[in-house]
Amino acid sequence: MTGSLSPRPLARRTFLGGSALATLAVIDLATAPASYPRDLDDVFTLGVASGDPAHDGFVLWTRLAREPLAPDGLGGMPSRRIPVHWEVATDPAMRKVVRRGTAVADPRSAHTVQVEVHGLRPAAEFHYRFRSGKELSGIGRAVTAPLPGSYGRPLRMSFVSCSNYAVGYFTAFRHLAADEPDLVLHLGDYIYETANEDDVRAHAPAGATHTLADYRVRHAQTHTDPDLQAAHAVAPWSVVWDDHDVENNYAGLVPRHPGERHFARRRAAAYQAYYEHLPVRRVSVGPHGARRMYRRIEWGDLATFHMLDTRQYRSDQACGDGVADCPEAADPRRTIMGGRQERWLVDGLTRSRATWNLLGQQVFFGVRDMVPGRQVGYKMDAWDGYTADRQRLLDTFVERQVRNPVILTGDVHKHYANDIAAGPDPNGPAVASELVTTSITSDGDGTDMPSWGEVQLAENPQIKLVNQQRGYVRTVIDRDQMSVDFRVLPFVTRPHAPVWTRASFALGVGTPGLVAT
Ligand code: FE
Ligand code: CA
């Protein structure tokens, strides 16, 4: 028996092209569970995603929601468990299925489905989809990493940060998807907790997010965006959170404003909603909703991605959250990673056999003097506010002879490219480089080179690029070099912007320092 499908889900599949449509005839209604309610159609409104690839599999994600913006955060779904079938195939038409199974969408996790798939061939491309009752999801593409000891083909990795639904269109995600990368990193601020102001698109809910329902609605709204859905469907993502995923500039359990009540509860709600809406592996939940986010993605012997959480364990900012020349920032008791994560990172960097060691993390790592002339001022929310922690990591790079460290950063809503010296003088010989991606949408359309950009280039010779437009960073990581394109869009406050490459650099194996290309 073959199924007929309603036109709306078909329309959502169009981003995947004709190959997805060709598969519709294979739905077998006879295998739908007898208990499946007939009225529950149109549940795949939030798209599909894959994430955290390993050499034998990845995580698959979707969430059932008939009404994504339902104020209770439950997506207009009934309060019962619903079976969801998934399948992984080697072809985009989903004919050669190699793994399948049934997961349960539970109302306690807002009918999220997260499946950890194992047993797949390494260094290979796969396609996947879900089925709930008679309805099929769109089809996504995922990729497995190479085996340890092998390199695979050059890795096309793009990274992004700061996707604020309200302040612009996610056109940059559409362009990123068109590149067909094999891996995407999102380095924080997947959502913004902020209330509606003078925005391009209205945020749901209208106020700032505080409760689990609020954060679920905000995440669901973000996932309704077709450009974001296209970027998730094209490749596995590996994500780490930053402040706006909870609240601007929070530090550990310290809220932005000291008087804020119930912050621990708010953080726990935000962490839970984040985990429900992204393709991540299960972790245990500690006090105040604590969840271990730092982890490694190993891409054979080519690259290891050390994904960091510089938000959950950090000391409170020194001298406030702004720009300061602050002796307290150098206090060795201050930490941005927390002791346990720091030991985990040092251990992983020491043991890594990969050609490239990439640190996927949130806030600006390099020295950045933001004040003109002989006076200095540094942003206290960044690693400049935690300089002892930073110096210990730089010492690790040198003492443990870490191979080709590259730091990947989000947060600042600007593109930067910096060389990183081994010591406190930023103009010393480079031991690493830092690539900072601008936002997908945060901070309006931006301009190519604002006046403060000229100031920062003059104050900081180690900074090779400043750009304040919206976009993403596209890389190709190979055995002998890594090539980097800083992609920019002229506007995001209207849809359909074009994209171009603002600047390109190369990093060579064994020769630290950015080379403009
Ligand atoms: Fe941001
Ligand atoms: Ca200065």
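Description of the structure in this document. These numbers were taken from a predicted model, which means no experiment stands behind them.

## Re the overall build of the protein
Helix and strand counts for the protein come out as nine helices and 24 strands. The C-alpha radius of gyration computed for the protein amounts to 22 Å, which stays within 12% of the reference 24 Å derived for 517 residues, consistent with globular compactness. Here the protein holds 517 residues, and 60% of them are scored as buried. For the protein, the share of sequence-separated contacts (at least 6 apart) that also reach a separation of at least 24 residues comes to 70%. Roughly 19100 Å² of accessible area belongs to the protein as shown, and the carbon and sulfur atoms make up 53% of that amount. Across the protein, 58 positive and 59 negative side-chain charges occur, with their mean positions spaced 7 Å apart.

## Brief notes about the packing of helix α4 (residues 212-223) against helix α6 (residues 263-276)
The N-to-C vectors of α4 and α6 enclose an angle of 35 degrees; their axes lie 8 Å apart at closest approach. Two packed elements cross with a definite hand, and for α4 against α6 that hand is right-handed. Counting all contacts with α4, which are made through Leu212, Tyr215, Arg216 and His219, the residues of α6 involved are Arg266, Ala269, Ala270, Gln272, Ala273, Tyr274 and Glu276. Class assignment of the residues belonging to the contact of α4 with α6 gives a composition of six nonpolar, two polar and three charged.

## So, the coordination of the calcium ion (ligand 2)
Note on the calcium ion (ligand 2): its protein donors are Asp369 (OD), Val371 (O), Gly373 (O), Gln375 (O) and Glu459 (OE). The metal-donor distances range over 2.2 to 2.4 Å. When the donor residues of the calcium ion (ligand 2) are listed from N- to C-terminus, their spacing reads D-x1-V-x1-G-x1-Q-x83-E. With a gap of 90 residues between them, Asp369 in the loop between β15 (356-360) and β16 (378-379) and Glu459 in helix α9 (residues 451-459) connect regions that are remote in the sequence. Residue class for Asp369 comes out buried when judged on its relative accessible area of 6%. The exposure class of Glu459 is partly exposed, given its relative accessible area of 23%.

## Section: the sheet that holds strand β17 (residues 405-409)
Judged by pairing direction, the sheet is mixed, and its seven strands sit side by side in the order β12-β13-β15-β17-β19-β18-β20 without closing on themselves. Of all strands in the sheet, those with a lone pairing partner are β12 (295-299) and β20 (463-467), marking the two edges. Between one strand and the next, the sheet's axes are offset by a mean angle of 20 degrees, whatever the strand orientation. The sheet contact formed by β15 and β17 spans four bridges and is parallel.

## What about the coordination of the iron ion (ligand 1)?
In ideal tetrahedral geometry, four donors around a metal make angles of 109.5 degrees, whereas ideal octahedral geometry with six donors gives angles of 90 or 180 degrees. Every protein donor of the iron ion (ligand 1) is listed here as Cys162 (SG), Asp189 (OD), Tyr192 (OH) and His413 (NE2), and their distances to the metal cover 2.0 to 2.4 Å. Taken together, the four donor atoms coordinating the iron ion (ligand 1) span angles of 87 to 170 degrees at the metal, a pattern that classifies the geometry as irregular. In primary-sequence terms, the residues that donate to the iron ion (ligand 1) follow C-x26-D-x2-Y-x220-H. In this pair, Cys162 sits in the loop between β9 (155-160) and α3 (171-178) while His413 sits in the loop between β17 and β18 (415-421), placing the two residues 251 residues apart along the sequence. The residues Cys162 and His413 share a single accessibility class, namely buried.

## Re the state of the cysteines
Counting across every chain of the model gives one disulfide. Each sulfur in the disulfide pair Cys319 and Cys326 lies 2.0 Å from the other. Here the S-S torsion is close to 70 degrees, and the disulfide linking Cys319 with Cys326 is therefore right-handed. A relative accessible area of 45% places Cys319 in the partly exposed class.

## A closer look at α6
In this model α6 runs 20 Å from its N-terminal to its C-terminal C-alpha over 14 residues, within 8% of the 20 Å that 1.5 Å per residue would give. The buried fraction of α6 is high, at ten of 14 residues. Those residues of α6 lying buried are Phe263, Arg266, Arg267, Ala269, Ala270, Tyr271, Ala273, Tyr274, Tyr275 and Glu276.

## Re unusual backbone geometry
Cis geometry marks the peptide bond from Ala204 to Pro205, where omega comes out at -10 degrees. When you line up the elements, Pro205 lands in the loop between β10 (183-186) and α4. Notably, His111 is not glycine yet its phi reads approximately 55 degrees, a positive angle. Its location among the elements puts His111 in the loop between β4 (97-105) and β5 (112-117). Of the residues examined, His111 reaches a relative accessible area of 2% and is grouped as buried. Phi is positive for His288, close to 55 degrees, though the residue is something other than glycine.

Cut-offs and rules
- Residues numbered from 1 in each chain as written.
- Chains lettered and ligands numbered in written order.
- Predicted model: local features only at pLDDT ≥ 70, side-chain atom pairs only at ≥ 80, totals over all residues.
- Heavy atoms only, no water.
- Helix = DSSP H or I, 4+ residues; strand = E, 2+ residues; numbered from the N terminus.
- Rg over C-alpha atoms; globule rule 2.2 N^0.38 Å.
- Buried < 20%, exposed > 50% of the residue type's maximum accessible area, 1.4 Å probe, protein only.
- Contact = heavy atoms within 4.5 Å.
- Areas by Shrake-Rupley, 256 points an atom, 1.4 Å probe, with all protein chains shown as cover.
- Lys, Arg positive; Asp, Glu negative; His and termini not counted.
- Charge placed at Lys NZ, Arg CZ, Asp CG, Glu CD.
- Axes fitted to C-alpha atoms, helices over the stretch in contact; angles between N-to-C directions.
- Left-handed = near helix turned anticlockwise from the far one by under 90°.
- Nonpolar A, V, L, I, M, F, W, Y, C, P; charged D, E, K, R; others polar.
- Donors = N, O, S within 2.8 Å, 3.2 Å for Na, K, Ca; no water.
- Pairing = 2+ DSSP bridges.
- Tetrahedral: all angles 85-135°; square planar, octahedral: opposite > 155°, others 65-115°.
- Disulfide = S-S within 2.5 Å.
- Expected span 1.5 Å × (residues − 1).

Everything listed here is a matter of geometry and, on its own, says nothing about what the molecule does.
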